[in-house]
Amino acid sequence: MKKIKYYILLIVISGCYSLNSVEDIDKYVSYVNNRKDTIQKSKEFETPNSDRKTFGITKISELHNQHSDIVRVIVNIDLKELSATYKFYYEYDNLVYSEIVESSPDKNTSEKIKKIDDVYYFKDGESIKSISNIEKSTDENRALILSKFYFIENF
């Protein structure tokens, strides 16, 4: 009986825990990145460039915990007119952290230049902090939309 009460208390406590601050989220992101008990699933496919004649590559990598919940999605897109890396971290299917980095070709050189380099922290679907490493070029709504677009269950 004592053992059952312990498990019930453990379930209640773990269900109530939430990431309440930027510091909590940073610790969670580090924890997810360093976990050894996860399963990674990846998919790669061709993506048409804007000319619709040539193709680039999109790679999606999902990290699942031992309960098969998605805890991280990383999307790498390499097109002629856009290179992008999107990182999304989830806790109980809720977005808690997002990084959006996008580059496009410089018209004078063949190099790609970062146009967007933003980080977002979320709690209960609302942004609690945003960091733009370049002038603010996107917003938290776009991060939420992208995270839902790339959140592919049963990969």
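About the thresholds
- Residues numbered from 1 in each chain as written.
- Predicted model: local features only at pLDDT ≥ 70, side-chain atom pairs only at ≥ 80, totals over all residues.
- Heavy atoms only, no water.
- Buried < 20%, exposed > 50% of the residue type's maximum accessible area, 1.4 Å probe, protein only.
- Helix = DSSP H or I, 4+ residues; strand = E, 2+ residues; numbered from the N terminus.
- Arc of directions from axis to C-beta.
- Contact = heavy atoms within 4.5 Å.
- pLDDT = per-residue confidence, 0-100.
- Pairing = 2+ DSSP bridges.
- Axes fitted to C-alpha atoms, helices over the stretch in contact; angles between N-to-C directions.
- Expected span 1.5 Å × (residues − 1).

## Considering helix H3 (residues 140-150)
Residues of H3 that are buried include every one of Ala143, Leu144, Leu146, Ser147 and Tyr150, and no others. One side of H3 carries all its buried residues, which in axial view fall inside an arc of 165 degrees. In this structure, H3 carries Ile145, Lys148 and Phe149 as exposed residues pointing more than 90 degrees from its buried face. Against strand S2 (55-64), strand S3 (70-78), strand S4 (83-91), strand S5 (94-105) and strand S6 (112-123) lie the buried residues of H3.

## Describing the confidence of the model for the protein chain
With 85% of its residues at a pLDDT of at least 70, the protein chain reaches an overall mean of 84. Confidence, expressed as mean pLDDT per element, reaches its minimum in the protein chain at helix H1 (residues 2-16) with 42 and its maximum at helix H2 (residues 22-34) with 96. Predicted confidence is poor over residues 2-16, with pLDDT under 50, and the contacts of this stretch with residues over four places away or in other chains come to one contact.

## Let's talk about unusual backbone geometry
In this model, Arg52 sits at a positive phi of 60 degrees, which is unusual for a non-glycine residue. Among the residues examined, Arg52 registers a relative accessible area of 63% and is labelled exposed. Non-glycine residue Tyr92 carries a positive phi angle of around 50 degrees. Within the secondary structure layout, Tyr92 lies in the loop between S4 and S5. Of the residues examined, Tyr92 reaches a relative accessible area of 52% and is grouped as exposed.

## What about the sheet that holds S6?
An order of S1-S2-S3-S4-S5-S6-S7 is seen for the seven strands of this open sheet, with the pairing classed as antiparallel. Sheet topology places strand S1 (39-48) and strand S7 (126-132) at the edges, where each strand pairs with a single neighbour. Pairs of neighbouring strands in the sheet enclose a mean axial angle of 10 degrees, with direction left out of account. The pairing of S4 with S5 spans nine bridges and is antiparallel. The partner of Glu91 across the bridge, within S5, is Asn94.

## Here we look at H2
Relative to the 18 Å expected for 13 residues at 1.5 Å per residue, H2 spans 18 Å between its end C-alpha atoms, a close match to the ideal helical length. Taken together, the buried positions of H2 are Val22, Ile25, Tyr28, Val29 and Val32. Here the buried residues of H2 occupy an arc of 120 degrees about the axis, which is enough to place them on one side. Projecting away from the buried face of H2 at angles above 90 degrees are the exposed residues Glu23, Lys27 and Asn34. For H2, the secondary structure elements touched by its buried residues are S2, S3, S4, S5, S6 and S7.

## Quick notes on the pairing of S6
Relative to S6, S5 is paired through nine bridges, and the arrangement is antiparallel. Paired with Ser98 across the two strands is Tyr120, which belongs to S6. In sequence, S5 turns back onto S6 through a hairpin of six residues. In terms of strand pairing, S6 meets S7 through six bridges, oriented antiparallel. Bridging across to S7, Val119 finds its partner in Ile131. Hairpin geometry of S6 and S7 is characterised by an intervening segment of two residues between the two adjacent antiparallel strands and by a positive phi of about 55 degrees at Asp124.

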